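Chain and residue survey
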Amino acid sequence: MTPSYKDQKFTDLDGHPAREAVELLARSGIVNTADGKYRPDDAVTQAELITMLVKSSVWMPAPVYREGAAGQEPWYQQYYKMAARLGIIQAGENPDPDLPVTREVLARLTIHAMNLYKAAVLSDIYKLDFKDAGDITDYLRGHVALAAGFGLIEPVDGQLKPKATVTRGEAAQSLVKILQSNS
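Anyway, here's the lowdown on the structure attached to this text. Just so we're clear, the structure is a prediction, and the values are computed from it rather than from any experiment.

**A word on the overall build of the protein**
The secondary structure content of the protein amounts to 7 helices and 0 strands. Along the protein, helices and strands appear, N-terminal first, in the series α-α-α-α-α-α-α. Relative to its 183 residues, the protein shows a buried fraction of 45%. Here the analysis covers contacts within the protein between residues at least 6 apart in sequence; of these, 70% occur between residues at least 24 apart. Summing over all exposed atoms, the protein offers an accessible surface of approximately 10000 Å²; the carbon and sulfur share of this is 50%.

Written as structure tokens, this is what we have:
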């Protein structure tokens with residue numbers, strides 16, 4: 001008998017600040033493991049983050065997809081299609097699945113997942129008091145302001161570090177904050 005996703009154990013989370021978030025997401029079937037590891041300090045890829053956002057969607061039941069057989073579309077493509085339907089990414093957008101997510105991209109995708117796109121695009125109305133606010137891509141300023149306001153990304157020593165890579169642990173913590181804000 002195969003263990004259910006609720007019984008998953010991760011061997012690399014002891015003492016890690018993201019442990020509770022990862023275990024909560026695992027119990028919900030949003031993240032999983034094949035080898036007993038979550039790799040919380042590895043960079044989260046765009047495909048991984050988009051998949052987690054789709055699986056955690058509160059607007060409709062999380063879809064259950066099976067890995068494609070040889071010759072079919074890549075495993076993440078079905079999640080991209082659902083993400084476009086949910087408004088997490090734009091229709092026709094095809095993010096690089098292996099590209100690490102930056103903090104400003106995390107802001108964009110999470111704010112879209114929260115259905116706050118219309119507020120985020122009004123980027124000129126937000127005041128950003130971060131020391132490195134000038135490093136934020138112009139069209140993402142509203143996304144970053146909202147994500148910081150919701151605590152999805154947190155400044156470090158007064159800096160947002162918008163181009164810094166997000167770890168899998170940080171992504172899990174942000175996702176749990178989204179889920180808590182929707183409950």
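**Some words on unusual backbone geometry**
Phi at Asp157 is positive, roughly 55°, even though this residue is not glycine. Tracing the backbone shows Asp157 in the loop between helix H6 (141–149) and helix H7 (168–181). A residue is classified by how much of its surface remains accessible, and Asp157, at 66% relative accessible area, is exposed. Within the chain, Lys161 stands out as a residue other than glycine whose phi angle is a positive 55°. If you trace the backbone, Lys161 turns up in the loop between H6 and H7. When its relative accessible area of 37% is taken as the criterion, Lys161 is described as partly exposed.

**Remarks on the pattern of salt bridges**
Taken as a whole, this structure holds 10 salt bridges when the rule is applied. In this structure, Arg19 engages Glu23 in a salt bridge whose closest nitrogen and oxygen atoms are separated by 2.9 Å. In this pair, Arg19 and Glu23 both sit in helix H1 (residues 19–27), 4 residues apart, roughly one turn of the helix. For Lys127, the salt bridge goes to Asp129, with nearest N and O atoms at 3.9 Å.

**Some words on the packing of helix H4 (residues 103–113) against H6**
Axes are the key here: two packed helices are described by the angle between their axes and the distance separating the axes. Remark: H4 packs on H6, axes separated minimally by 8 Å, with the N-to-C direction vectors making an angle of 80°. Here H4 is positioned roughly perpendicular relative to H6, judged by the angle of their axes. Here H4 contributes Glu104, Ala107, Arg108, Ile111 and His112 to the contact with H6, which in turn contributes His143, Val144, Leu146 and Ala147. Its residues placed into classes, the contact of H4 with H6 shows 5 nonpolar, 2 polar and 2 charged.

**Here we look at the packing of aromatic side chains**
Tallying each qualifying case throughout the model produces 4 aromatic pairs. With a centroid separation of 6.3 Å and 65° between ring planes, the pair formed by Trp75 and Tyr79 is classed as edge-to-face. On the basis of relative accessibility, which here comes to 6%, the residue Tyr79 falls in the buried class. Three or more aromatic residues joined by ring pairs form one cluster here, namely Trp75, Tyr76, Tyr79 and Tyr80. The side chain of Arg168 reaches across the aromatic face of Tyr38, ending 4.3 Å from its centre.

**Considering the nonpolar core**
Val31, Leu49, Met52 and Ile88 are the most contacted members of the largest nonpolar core, which has 50 residues in total. Those elements that provide at least two residues to this core are H1, helix H2 (46–55), helix H3 (77–86), H4, H6 and H7. Element by element, the count of residues in this core is highest for H2, at 6 residues. Once residues within four sequence positions are removed from consideration, Met52 is found in contact with Ile30, Val31, Tyr38, Val44, Ala171 and Leu175.

Cut-offs and rules
Residues numbered from 1 in each chain as written. Predicted model: local features only at pLDDT ≥ 70, side-chain atom pairs only at ≥ 80, totals over all residues. Heavy atoms only, no water. Helix = DSSP H or I, 4+ residues; strand = E, 2+ residues; numbered from the N terminus. Buried < 20%, exposed > 50% of the residue type's maximum accessible area, 1.4 Å probe, protein only. Contact = heavy atoms within 4.5 Å. Areas by Shrake-Rupley, 256 points an atom, 1.4 Å probe, with all protein chains shown as cover. Salt bridge = Lys/Arg side-chain N within 4 Å of Asp/Glu carboxyl O. Axes fitted to C-alpha atoms, helices over the stretch in contact; angles between N-to-C directions. Parallel < 35°, antiparallel > 145°, perpendicular 65-115°, else oblique. Nonpolar A, V, L, I, M, F, W, Y, C, P; charged D, E, K, R; others polar. Phe/Tyr/Trp six-rings, centres within 6.5 Å; stacked < 30°, edge-to-face > 60°. Lys NZ or Arg CZ within 6 Å of the ring centre and 35° of its normal. Core = buried A, V, L, I, M, F, W, Y, C linked by side-chain atoms within 4.5 Å.

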